[in-house]
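Chain by chain, the residues:
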Amino acid sequence: MISPKIKELKHIAKQARKLMVETLICAGCGHPGGAFSSIDLMTALYFDIMKIDPHNPQWDERDRFILSKGHSSIGLYTILHLRGFMDKETLLTFRQDNSLLCGHPDMHKIAGVEMSTGSLGHGLSVGAGLAMVGKMDKKNYRVFVLMGDGETQEGSVWEAALFAAHHKLDNLVGIVDRNMLQIDGCTEDILALEPYRAKWETFGWHVEEIDGHNFKQIKETLERCPVSASRPTLILANTVKGKGISFMERNPAWHGGGLKGDQAEIALQETNAALVED
Amino acid sequence: MAKKSMRHECAKSLVELGAKYNEIIVLEGDLKESTQSIQFQQAYPERYIDCGIAEQNMVGVAAGLALAGKIPVVQSFACFISMRTCEQARTSVAYPRLNVKFVVSHGGISPGSAGTTHHAIEDIAIMRAIPNMAVLVPGDAEEAKQVLHAALAYEGPVYIRLSASDTKDIYTERDVFNIGRATLLREGNDACIITTGTMVAVGVEAADQLLQKGVKTRVIQMASIKPLDHGIIEQAAKETEAIVTVEEHNILGGLGGAVCEVVAETGGVRVKRIGIKDHFSDVGTATCLLNKEEITVQAIAKNVLGMLK
């Protein structure tokens, strides 16, 4: 029996995938792969898990989300649109001349973008800083930082991992979009991360491993965050890069690229068909 | 002339400012004795984070603190902040215009025989090339204090470069530092010496020696490298016969570069840059290295006279 909330989240994610395809066709460029692998996670965060108010984006008590893998901006922008932070006209200007929507998000251009990101390996430290203030000022907000798995090859991520564990930042939740692929190939062929879960655990994090496309698992796990008192939580979300578009799935060539011609047609058909199923 | 440690004086000021600005959080990269951030730690332990030897994370954490309304003061050596954390400073601080203050010590060749790894002769060029970043290089303890006060009153990212060396007192409490304004220390229309940081003392002494030879030399201290006081440079280019810049930095891209950029557009005068001539240093104390580089009172005076011939 699927709960109404999970049914709703699934439907929103399908809408998001369709919008992402439309936007990528308009833009002619972008980074589809990692956005399609992480869109289910972002859907659950923005439509179920996080305390946020689209009418008051700077609300002091809000939960914070940092898209450390800034190249998945199309996912964040789409979710912000669906959640009421921006209109569709703005969304469709993605990456066009004079648009507010840069390929990597700028916090001063769009309400709801908490931090300007794009260079990998920065977000977890920034999230740790936000979490630190939450502790200092005894605020109840949580900080969610979404990283790519390839991103965690950056040394600065592990500096931040040490820092967050040392300072017992249990209000900090790192989420890794473990789609196994980076631009040049499989993470394990380029610069191996495994044993990955053990690395985070050894660094003092509480780790929860989930299927990053299973809303029941996403919801039940994120709902429990902070999972462990006095330890930061790492959600190891196993995902499929390019999820939802047949020719993109598990294909590193779709890390970056625009949708054109026949492929645009197929992507539109597939995302439309998924919506019709509901 | 009395000599003081600008690091110690600045740290003392920061403790005072800690009472005025409750939002100040000091972040340290495991160098609390050298930077003297230990003073703030003792006064406000709950507003002090020793981030360990992980500078990139330290700057990222500072960005997060600033996002949540704090005023992070990041302390380490000039070389590490300007180079190890350059990208965090540029992308996670300057780009989003976050209110982070970098207060770094051991600028220039002031670490002396510690060696080239610990020298920062590139930092002014690097930091001033980053949009939104203010770059302030004070010359003595009093100016350092005033720079710190101004930086905290200013909203946005600031890089303050301090020296490890003790400095002669040039300024008094009667002087006023403003971001974007240079200070005129000696009048004169024959030539102009423009200094930054600790070079202010040698600049003034060179001008005083030149005056004894009848050469009236203007001295301008450019503690605010960015924003730069264009007006005072343009005026010097119009009114004097030669400009000599003096800095404890590579002659590429620092004060000399900044002055030349202005003069190239306004014209009117030759500029001679005195500084480190684009090479890594030998072994020696700061004084030994400055002598070897001909960054001395005598060399400045000689250059001025040479240009007036």
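Below, the structure is looked at part by part. As the structure is a prediction and not an experimental result, all values here were calculated from the model.

So, on to the interface of chain B and chain A. Taken together, the contact between chain B and chain A spans 24 residues of the former and 25 residues of the latter. When the buried surface of chain B facing chain A is broken down by residue, Asn57(B), Leu67(B) and Tyr95(B) rank first, second and third, together holding 27% of it. Across the chain B-chain A interface, the total number found is one salt bridge. Linking Asp137(A) and Lys70(B) is a salt bridge whose minimum nitrogen-to-oxygen distance equals 3.0 Å. Our count for the contact surface shared by chain B and chain A stands at nine residue pairs in polar contact (both at pLDDT 80 or more).

Another point: empty space enclosed by the protein. One pass over the full model with this rule turns up three cavities of 30 Å³ or more. Space inside the largest cavity adds up to approximately 80 Å³. Lining the largest cavity are 13 residues; nearest its centre among them are Ile52(A), Arg62(A), Phe85(A), Gly112(A) and Glu114(A). For the lining of the largest cavity, the per-class residue count stands at seven nonpolar, two polar and four charged. Lining the second largest cavity are Gly107(B), Gly108(B), Val137(B), Pro138(B), Arg161(B), Leu162(B), Ser163(B), Thr196(B), Gly197(B), Thr198(B) and Glu248(B). Residue assignment places the lining of the second largest cavity across two domains, with domain 1 (3-168) and domain 2 (183-308) of chain B each supplying three or more.

This part takes up helix H2 (residues 32-49) of chain A. Residue and element names in this part refer to chain A. With 18 residues, H2 should cover 26 Å at 1.5 Å per step; its first-to-last C-alpha distance of 24 Å lies within 8% of that length. The sharpest bend along H2 measures roughly 45 degrees and falls at Ser38. In terms of residue burial, H2 counts as a mostly covered element, since 17 of its 18 residues are buried.

Procedures and definitions
- Counting restarts for each chain, with residues numbered from 1 along the sequence as it is written.
- Whichever chain is written first is A, and whichever ligand is written first is 1; the rest continue in order.
- In keeping with the predicted nature of the model, local features appear solely for residues at pLDDT of at least 70, side-chain atom pairs appear and are counted solely at 80 or more, and the whole-chain, interface and lining totals rest on all residues.
- Side-chain numbers come from the whole structure's heavy atoms, not from hydrogens or water.
- Two residues qualify as a contact provided that any one of their heavy atoms is within 4.5 Å of a heavy atom in the partner residue.
- Once two parts are joined, some of their accessible surface, as seen by a 1.4 Å probe, is lost; buried area is that loss totalled over both.
- A carboxyl oxygen of Asp or Glu within 4 Å of a side-chain nitrogen of Lys or Arg is what we treat as a salt bridge.
- A 3.5 Å cut-off defines polar contacts: any pair of N or O atoms within that distance qualifies, except that in protein one atom must be a possible hydrogen donor and the other a possible acceptor, and neighbouring residues in sequence count only when both atoms are side-chain atoms.
- Buriedness for pockets is judged along seven lines, at least five of which must meet protein on both sides within 12 Å for an open set on the 1 Å grid over protein atoms alone, while cavities are sets there where a 1.4 Å probe fits but cannot get out, and lining residues have an atom within 4 Å of a point.
- Grid points are joined across faces, edges and corners, and a volume is the space filled by probe spheres set on the points.
- The classification used treats Ala, Val, Leu, Ile, Met, Phe, Trp, Tyr, Cys and Pro as nonpolar, Asp, Glu, Lys and Arg as charged, and all other residues, Gly among them, as polar.
- The domain limits used here are those given by an automatic or database domain assignment.
- Per the convention used, a helix needs a DSSP run of H or I reaching at least four residues, while a strand needs a run of E reaching at least two, with both numbered from the N terminus.
- How far a helix is expected to stretch is found by multiplying one less than its residue total by 1.5 Å.
- Axes are fitted to the seven residues ending at a residue and to the seven starting at it; the angle between these axes is taken as the bend at that residue.
- To sort residues, take the accessible area from a 1.4 Å probe on protein chains only and compare it with the maximum for the residue type: under 20% means buried, over 50% means exposed, and anything in between is partly exposed.

By themselves these figures say nothing about function.
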